[in-house]
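# Residue-level structural notes
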Amino acid sequence: MRSLALVTSVKSDSREVSLQSVFSSACINCPKIEACEKTGQFFTALNKKNLSLKKGDIVKIDMSSPVKVLFGISALFIPVIAALFMWYFSPLLLKIIKLPETENLRFFLCLAALLFMEGIMFILSRADIFPATPEIKQKL
């Protein structure tokens, strides 16, 4: 997630703000920031600090600490658990596909499971499927 965003609209209660992600910190000084092709997607954020925001303001955003901890733990432990799961069940899998059970095959199956789950976690970290809403931390 980008740490800077452009305010596109503020709801009447000013608790929920519509934002557009900013491509880089150099975008802040660009006069064509609202029509730029390099600016990112639109999303909403919470204004828990009740900052006085208006359209065109640049804000710094971040996820809440519990959400960041949860994402970090899942990115670390889910691939490791998948590798351990594969180590435990690889003899059964090798028997089903009629290959000899060797330590090298078990190792490569575990490595494949680890790398596969790392790839899945990478893709999920880039997708916007999680319902976590970022928070506005500061107005620049």
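Throughout what follows, the structure given in this document is the object of discussion. The model shown is predicted, which means the values in this text are computed figures rather than measured ones.

### Digging into the overall build of the protein chain
In terms of regular secondary structure, the protein chain is built from two helices and five strands. N-terminal to C-terminal, the α/β element order of the protein chain is β-β-β-β-α-α-β. Every one of the 140 residues in the protein chain was classed for burial, and the buried ones make up 26%. Long-range contacts, defined as pairs at least 24 residues apart, comprise 64% of the intrachain contacts of the protein chain with a sequence gap of at least 6. Taken as a whole, the protein chain presents about 9,700 Å² of accessible surface, with 65% of it coming from carbon and sulfur.

### Focus: the packing of aromatic side chains
Applying the stated rule across the entire model yields three aromatic pairs. Here the aromatic rings of Y88 and F89 are separated by 4.8 Å at their centres, their planes lie at 90°, and the arrangement is edge-to-face. Classification of Y88 as exposed rests on a relative accessible area of 62%. Considering the side-chain rings of F107 and F108, the 5.3 Å spacing of their centres and the 65° angle between planes classify their relative orientation as edge-to-face. Taken together through their ring pairs, the aromatic side chains of F85, Y88 and F89 make up a single cluster. Here the guanidinium or amino end of R106 rests over the ring plane of W87, the centre of that ring lying 4.0 Å away.

### Section: the pattern of salt bridges
As enumerated under the stated definition, the model contains four salt bridges in all. The shortest N-O distance in the salt bridge between D57 and K54 comes to 3.3 Å. Judged by its relative accessible area of 9%, D57 falls in the buried class. Ionic pairing is found between D57 and K139, a salt bridge with its closest N-O pair at 3.5 Å. Placement of D57 in the loop between β3 (42-46) and β4 (58-62) and of K139 in strand β5 (residues 135-139) is noted, with a sequence separation of 82 residues between them.

Rules used in this analysis
Sequence order as written defines the numbering, with residues in each chain counted from 1. pLDDT decides what is reported in this predicted model: residues at 70 or higher carry local features, side-chain atom pairs at 80 or more are listed and counted, and totals for whole chains, interfaces and linings draw on all residues regardless. Excluded from the side-chain calculations are hydrogens and water; all other atoms, namely the structure's heavy atoms, are used. What counts as a helix is a DSSP run of H or I of at least four residues, what counts as a strand is a run of E of at least two, and both are numbered from the N terminus. Here the term buried applies to any residue with accessible area under 20% of the maximum for its type, exposed to any over 50%, and partly exposed to those in between, with areas from a 1.4 Å probe on protein chains only. Should any heavy atoms of two residues lie within 4.5 Å, those residues are counted as being in contact. Method for areas: the Shrake-Rupley scheme with a 1.4 Å probe, in which residue coverage is limited to the protein chains shown. In this scheme Phe, Tyr and Trp rings, the latter by its six-membered ring, pair at centre separations within 6.5 Å, and the angle between planes marks the pair as stacked below 30 degrees, edge-to-face above 60, and tilted otherwise. Two conditions define a charge located above a ring, namely a distance within 6 Å from the ring centre to NZ of Lys or CZ of Arg, and an angle within 35 degrees of the ring normal. The working definition used for a salt bridge is a side-chain nitrogen of Lys or Arg within 4 Å of a carboxyl oxygen of Asp or Glu.

Purely geometric stuff here, so don't read any function into it on its own.
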